Amino acid sequence: MNDIVSEQFTKAVTSHSEGRLAEAVAQYDELLKLNPQFAPAHSNRGAALNSLHQFEAALESCNRAIALNPRYAEAYNNKAVTLQHLRRWQESLESLEKAAAFKPNYTEAHNNRGITLRSLGRREEALRAFDRAIALRPDYIEALVNKGITLRDLRRFEEALFFFDSAIRMRPDVASSHFNRGRTLNDLNRHDEALKSFDDTIALNPRFADAFHEKGNVLRIMRRFDEALASYESALALNPNIAAFHNDKAAALRDTGRLEEAIQACNEAIRLQPNY
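Everything in this summary refers to the structure shown in the same document. (Residues numbered from 1 in each chain as written. Predicted model: local features only at pLDDT ≥ 70, side-chain atom pairs only at ≥ 80, totals over all residues. Heavy atoms only, no water.)

Let's talk about the overall build of the protein
Within the protein, the regular secondary structure consists of 16 helices and zero strands. Seen through its principal axes, the protein has C-alpha atoms that stretch 70 × 35 × 35 Å. Burial status across the protein gives 48% buried among its 276 residues. Across the protein, every contact between residues at least 6 apart in sequence was considered, and the portion connecting residues at least 24 apart equals 48%. In the structure as shown, the protein presents an accessible area of about 13800 Å², 49% of it carried by carbon and sulfur atoms. Placing the 37 positive and 38 negative side-chain charges of the protein at their respective mean positions leaves the two points 3 Å apart. (Helix = DSSP H or I, 4+ residues; strand = E, 2+ residues; numbered from the N terminus. Buried < 20%, exposed > 50% of the residue type's maximum accessible area, 1.4 Å probe, protein only. Contact = heavy atoms within 4.5 Å. Areas by Shrake-Rupley, 256 points an atom, 1.4 Å probe, with all protein chains shown as cover. Lys, Arg positive; Asp, Glu negative; His and termini not counted. Charge placed at Lys NZ, Arg CZ, Asp CG, Glu CD.)

Some remarks on the pattern of salt bridges
Scanning the model with the defined rule gives 27 salt bridges in all. Between Lys33 and Glu30 there is a salt bridge, with its nearest N and O atoms 3.1 Å apart. One end of the pair is Lys33 and the other is Glu30, both in helix H2 (residues 21-34) and three residues apart, which spans about a single turn. You can call Glu30 partly exposed: its relative accessible area is 40%. The salt bridge involving Asp153 is made with Arg123; its shortest N-O contact spans 3.1 Å. Highlighted residues: Asp153 in helix H9 (residues 141-153) and Arg123 in helix H8 (residues 123-136), separated in sequence by 30 residues. Among the residues examined, Arg123 registers a relative accessible area of 29% and is labelled partly exposed. Through salt bridges with shared partners, a single network forms among Glu18, Arg20 and Glu23. (Salt bridge = Lys/Arg side-chain N within 4 Å of Asp/Glu carboxyl O.)

Quick notes on the packing of helix H5 (residues 73-85) against helix H6 (residues 89-102)
For any two helices packed against each other, the geometry is given by the interaxial angle and the distance between the axes. Their axes nearest at 8 Å, the elements H5 and H6 cross at an angle of 160 degrees. Here H5 is positioned roughly antiparallel relative to H6, judged by the angle of their axes. The handedness of the crossing between H5 and H6 comes out as left-handed. Of the residues in H6, those in contact with Ala73, Tyr76, Asn77, Lys79, Ala80, Leu83 and Gln84 of H5 are Trp89, Glu91, Ser92, Ser95, Leu96, Lys98, Ala99 and Phe102. Across the contact of H5 with H6, the residue classes tally to eight nonpolar, four polar and three charged. (Axes fitted to C-alpha atoms, helices over the stretch in contact; angles between N-to-C directions. Parallel < 35°, antiparallel > 145°, perpendicular 65-115°, else oblique. Left-handed = near helix turned anticlockwise from the far one by under 90°. Nonpolar A, V, L, I, M, F, W, Y, C, P; charged D, E, K, R; others polar.)

Details of H9
For H9, which comprises 13 residues, the first-to-last C-alpha distance of 18 Å matches the rise-based estimate of 18 Å (1.5 Å per residue) to within 8%. H9 sits mainly inside the fold: eleven of its 13 residues count as buried. Among the residues making up H9, those that are buried are Ile141, Ala143, Leu144, Val145, Asn146, Lys147, Gly148, Ile149, Thr150, Leu151 and Arg152. Where H9 is buried, its residues contact helix H7 (107-119), H8, helix H10 (157-170) and helix H11 (175-187). Note on H9: the residue one or two positions beyond its end, Arg155, has a positive phi of about 65 degrees. (Expected span 1.5 Å × (residues − 1).)

Digging into the packing of aromatic side chains
Taken as a whole and assessed by the stated rule, the structure comprises six aromatic pairs. Arranged with centres 6.4 Å apart and planes meeting at 50 degrees, the rings of Phe9 and Tyr28 form a pair that is tilted. Highlighted residues: Phe9 in helix H1 (residues 3-17) and Tyr28 in helix H2, separated in sequence by 19 residues. Comparing Phe9 with Tyr28, the two get one shared label, buried. Ring geometry for Tyr76 against Phe102: centres 5.7 Å apart, planes inclined by 35 degrees, an arrangement best described as tilted. (Phe/Tyr/Trp six-rings, centres within 6.5 Å; stacked < 30°, edge-to-face > 60°.)

Examining unusual backbone geometry
Phi at Arg155 takes a positive value of approximately 65 degrees, unusual for a residue other than glycine. Tracing the backbone through its elements, the reader meets Arg155 in the loop between H9 and H10. Positive phi values are uncommon outside glycine, yet Asn189 reaches one of about 60 degrees.

Remarks on the environment of Arg20
If you trace the backbone, Arg20 turns up in the loop between H1 and H2. Between the C-alpha atom of Arg20 and that of Ala48, which follows or precedes it by 28 residues, the distance is 9.1 Å. Each residue touching Arg20, except ones within four places of it in the same chain, is listed here: Thr14 and Ser15.

Function cannot be inferred from these measures alone, as they are strictly geometric.
Right, dumping it as structure tokens:
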């Protein structure tokens with residue numbers, strides 16, 4: 001790799017890591033004009049395109065990287081993440097198996113493999129994949145949270161809570177840890193603690209619509225209907241296109257005797273998702 005290519009690659013990676021994704025793609029494109037055979041630029045370009053939700057173009061870039069270097073673990077991982085977004089789970093798994101085979105200590109590949117296995121309903125295998133990622137990197141917050149989510153799927157709530165609490169102790173500023181802790185506390189009927197976790201989530205990320213929705217659900221269980229409605233309204237202000245938000249708002253309106261408004265909310269849920 002000559003100095004000009006190296007400098008251009010560094011610029012592109014910096015733009016990418018700072019979230020300037022369109023700029024990064026343009027810089028990878030310029031680099032590839034200089035050296036079309038540079039596999040890392042194709043792979044990273046695919047990752048940036050994936051973040052821009054340009055999934056087919058992302059796949060094309062990852063496949064080009066793999067064609068240039070058939071043992072390129074990072075390219076297989078980037079391809080797999082794009083396939084996850086496309087819900088092509090079996091293909092994602094196949095790509096992650098290759099990533100892990102070519103780079104056995106690749107923590108991200110093991111974590112992503114767990115995500116894909118969970119989505120395929122293979123939760124015990126998913127747990128083992130998350131365990132492998134955590135063994136390689138004990139402070140890997142995403143893997144800790146993903147293991148907790150999978151344990152919650154299996155209704156192993158106390159175990160799930162342990163992993164969310166562990167993640168929060170290591171990194172208290174990650175909203176998803178608090179959010180999933182709140183959901184698990186709600187499963188355990190520890191409603192006051194669940195509310196606190198959802199409030200912590202919202203403090204960290206005021207645009208976390210699902211946190212407002214889940215907070216509304218807990219408030220409704222506690223029969224604090226007006227507060228529940230306010231929380232559902234906050235969720236809908238952030239994302240008005242989720243049928244469940246309208247449906248649960250309808251339930252709270254019904255609970256307060258506002259039946260006509262409840263019917264309107266139900267109708268909106270059905271409009272968004274006719275089979276709801």
